[in-house]
Amino acid sequence: MSAIAAATPHSLSFSLRLPSSLSRSRSFPQTGYLRASARRLISTRVGNSSVVTGEEASTSSSLQAPLSFNMTERTGSVKQQLASLVKSSLQATFPDLSDVEPQVAVSAKFGDYQCNNAMGLWSKIKGSGTDFKNPISVGEGLAKNLPQSEIIESTSVARPGFVNINLSNNWISKRIKDMLVDGIQTWAPILSVKKAVVDFSSPNIAKEMHVGHLRSTIIGDTLARMFEFSDVEVLRRNHVGDWGTQFGMLIEYLFEQFPTWEDVGNQAIGDLQEFYKASKKRFDDDASFKERAQQAVVKLQGGEAKYRAAWQKICEISRSEFDLVYKRLNVSLEERGESFYNPYIPDTIKELTDKGLVEESDGARVIFLEGFNIPLIIVKSDGGYNYASTDLTALRYRLQVEQAEWIIYVTDVGQQQHFDMFFSAARKAGWLPPAKEKKFPRVSHVGFGLVLGSDGKRFRTRSSEVVRLVELLDEAKTRSKAELIQRLENNGTIGDWTDEELDKTAEAVGYGAVKYADLKNNRLTNYTFSFDQMLKNQGNTAVYLEYAHARICSIVKKSNKDISTLQQTGTITLDHPDERVLALHLIQFAEVVEEACNNLLPNVLCEYLYNLSEIFNQFYTNCRVIESPEETSRLLLCQATAIVMRQCFVLLGITPVFKL
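Here, residues in each chain are numbered from 1, in the same order as that chain's written sequence. Totals for whole chains, interfaces and linings use all residues, but because this is a predicted model, local features are given only for residues with pLDDT of at least 70 and pairs of side-chain atoms are given and counted only at 80 or more. With hydrogens and water stripped out, all remaining heavy atoms of the structure feed into the side-chain values.

Re the overall build of the protein chain
Moving on, step 1. Under the DSSP-based scheme used, a helix requires at least four consecutive residues in state H or I and a strand at least two consecutive residues in state E, with every element numbered from the N terminus. Summing up its helical and strand segments, the protein chain has 24 helices and 16 strands in all.
Moving on, step 2. Three labels apply to residues, based on accessible area from a 1.4 Å probe with only protein chains included: buried if under 20% of the type maximum, exposed if over 50%, partly exposed otherwise in between. Split into buried and exposed, the 660 residues of the protein chain put 56% on the buried side.
Moving on, step 3. The contact criterion used throughout is that any non-hydrogen atoms of two residues lie within 4.5 Å. Considering only residue pairs separated by 6 or more positions, the protein chain has 75% of its internal contacts joining residues 24 or more positions apart.
Moving on, step 4. Residue-level accessible areas treat just the shown protein chains as cover; the underlying method is Shrake-Rupley with a 1.4 Å probe. When the accessible surface of the protein chain is summed, it comes to about 28,400 Å², and 48% of that surface belongs to carbon and sulfur atoms.

Details of empty space enclosed by the protein
Moving on, step 1. Two kinds of site are reported from a 1 Å grid over the protein atoms alone, namely cavities, where a 1.4 Å probe fits but cannot get out, and pockets, open sets with protein on both sides within 12 Å along at least five of seven lines, and residues are called lining when an atom falls within 4 Å of a point. Grid points are joined across faces, edges and corners, and a volume is the space filled by probe spheres set on the points. Scanning the entire structure with this criterion turns up 3 cavities of 30 Å³ or more.
Moving on, step 2. Volume-wise, the second largest cavity comes out at about 40 Å³.
Moving on, step 3. Val86, Ser89, Cys115, Leu142, Ala143, Leu146, Val163 and Ile165 together form the lining of the second largest cavity.
Moving on, step 4. Looking at the lining of the second largest cavity, the elements with two or more residues in it are α2 (78-93), α4 (135-144) and β6 (162-167).
Moving on, step 5. Residues that form the lining of the second largest cavity fall into these classes: 7 nonpolar, 1 polar and no charged. Classes in brief: Ala, Val, Leu, Ile, Met, Phe, Trp, Tyr, Cys and Pro nonpolar; Asp, Glu, Lys and Arg charged; the others, Gly included, polar.

Structural notes on the environment of Tyr113
Moving on, step 1. The topology assignment puts Tyr113 in strand β4 (residues 113-115).
Moving on, step 2. Separated by 51 residues in sequence, Tyr113 and Asn164 have C-alpha atoms that sit 6.0 Å apart.

Observations regarding the nonpolar core
Moving on, step 1. Counting 154 residues, the largest nonpolar core has Leu82, Leu167, Ile176, Phe227, Phe529, Phe589 and Val644 as its most contacted members.
Moving on, step 2. It is helix α24 (residues 631-651) that contributes the most residues to this core, 12 residues altogether.
Moving on, step 3. Filtering out sequence-adjacent residues up to four positions away, Leu82 remains in contact with Val104, Tyr113, Ile151, Ile152, Ile165 and Leu167.
Moving on, step 4. In this text, buried Ala, Val, Leu, Ile, Met, Phe, Trp, Tyr and Cys residues form a nonpolar core when linked through side-chain atoms within 4.5 Å. Leu357, Leu392, Ile407 and Tyr409 belong to the second-largest nonpolar core, a separate cluster that totals 30 residues.

Comments concerning the sheet that holds strand β10 (residues 359-361)
Backbone hydrogen bonds are what pair the strands of a sheet, in a parallel or an antiparallel way.
Moving on, step 1. The strand order across the open sheet built from 3 strands is β10-β11-β12, with neighbouring strands paired in antiparallel fashion. In the strand order of this sheet, the two ends are held by β10 and β12 (376-379), each with one partner. In this sheet, neighbouring strand axes are inclined to one another by 50° on average, regardless of whether the strands run parallel or antiparallel.
Moving on, step 2. As paired elements, strand β11 (residues 364-367) and β12 share 3 bridges and run antiparallel to each other. Across the sheet, Val366 pairs through a bridge with Ile377, a residue of β12. Any two strands with at least two DSSP bridges between them are considered paired. Orientation is described by lines fitted to C-alpha atoms, with helices fitted over the stretch in contact, and by angles between N-to-C directions that extend from 0 to 180 degrees.

Brief notes about the pattern of salt bridges
Moving on, step 1. Criterion for a salt bridge: a side-chain nitrogen of Lys or Arg within 4 Å of a carboxyl oxygen of Asp or Glu. This structure, assessed with the given rule, holds 37 salt bridges.
Moving on, step 2. A salt bridge links Glu228 to Arg236; its shortest N-O distance comes to 2.8 Å.
Moving on, step 3. Residue Arg236 is classed as buried on the basis of its relative accessible area of 8%.
Moving on, step 4. A cluster of three or more residues bridged by salt bridges with shared partners is formed by Glu252, Glu256, Arg282, Asp286 and Arg292.

Describing the sheet that holds β6
Moving on, step 1. Reading across the sheet, the 4 strands line up as β3-β4-β6-β5 and stay open at both edges, with antiparallel pairing between neighbours. At either end of the open sheet lies a strand with only one pairing partner, and these are β3 (104-106) and β5 (152-158). Neighbouring strand axes in the sheet, compared pairwise and without regard to direction, differ in orientation by 30° on average.
Moving on, step 2. In terms of strand pairing, β5 meets β6 through 6 bridges, oriented antiparallel. Bridge assignment links Ile152 to a residue of β6, and that residue is Leu167.
Moving on, step 3. Sheet strands in contact with α2 are β3, β4, β5 and β6, and its direction is about 140° off that of β3.
Moving on, step 4. This element, α4, spans β4, β5 and β6 of the sheet and lies at about 170° to β5.

Quick look at the structure:
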């Protein structure tokens, strides 16, 4: 597995050689060829799971709902629109300070939003003969020069210079109504990036996925979904470990145990995890077997058909196992493993050498980097390649061929130094701008902490084995279904549910509970895995949020009103304070997604979703909906809340349920 991995440190180093058919150094293909190739390789079928295998890629997808339906022009988030107004005021008030960027934030006290520029501006102009006397007067000048806009109802200035902005109720109502008519896609944020690579999951071929891969897969999928919703072209990359010396061990063991393995097929390998353990034990214990395994690597790398066929079979079986997990998690990926980039490694090494970056050290070829005590080894002393070789080549390919502006790697925090070093080498090579410039193209390592058990140690089974991910997800569904059936039997409504409804709801809630329990935490922290906690129907859990969403759907249904007609013809009024609080939170959805994308923090969206459910509860407690004089308006607020909640679920990779 490359450094672009899921959760555990690499235990096997490897030297890379290619079969003769692939061993020649290759220059990168033209972009047009790449796009055509990608179209051929990607296969997605809604409601099914498919895998495309071959020399270049494998794609897994399952029940991947489209994230956008309406291409109506977006206006940007509320914060973006206010920032545009503040920018105009800055230019009018301080025409000589053209480099000042607007500072707009949600206000906690005196307004809906506030502009925080006054204090910084005062430090720039103080003592320069300006007519402004203090930060308060600067704030007053900024407030005065704000352009006329239907967005703003009023402004005020508070010490030491905050410009408080109150939004117009009519504008808030109109923004919600426009979303109800034109679709939630119109609330997608406008990001500066247009094309991104999200590199996540990345298990090892011949090893089963386990709970250690859970965080990379869940976090990476959510980041990809948020960027896709924001109209960013996302390349979902699964950088699997599909090449290396371990394949010699596996192939030789396969030949030894099943001389006619081609006839036996998949049954020859059976449980791939057990097969790997058995071959590894044989490799460690038997010197003769170890020698034959090493010779098998040479034959595989030399392109011998028999060995290459066995390698392909092992990869095929692994992909089938991975797809079981991806199907449960409803995650789609395009496989671009280590073997894909290997033909391009020599050309990458040559470019780095030609730029004078590569030096010899103890027989290895290395790059010395400022700020690090050790060099980055890119060619080992035996002439073999390593993770840095592959990762630098993959990065170069993504920049030069795929023309990505932002490459995001989702792995555990333990690999931070590796990423820091090869990012530094890429900057030294001139592939990336200096980190302090905050320009595109850019790279980011999205680190995450460990999944812990109730004992505070790495999550394992009672037999100290790493927990298999398929088994973990199946148990979540089983527990969810048992609790659902028990509740329905207790309240006498079990007869209203079909077996299919029970199964699909248990699946949505169970898998969603696992995902949300991970995503609601700051990704940098460790979190304790507990079925009991994540399946609670109270507090900040997916189960509670699913109940909240189903309850809103029930309110709309019980009104016996045609909500689709109301969305087109009804109007929204915000006369009650709790109506306005709910409406204001709803229209902040876009900037929350924007923040989550820019900072690569899914927990920001989770916090927004939970707060939305709590704010709605307050609204529903104090504002009667059905058969009230404001019924139409309040039903539209209910519907808008349900739509935003559903979109949050979709971005988090959780299937919303409509009854519970």
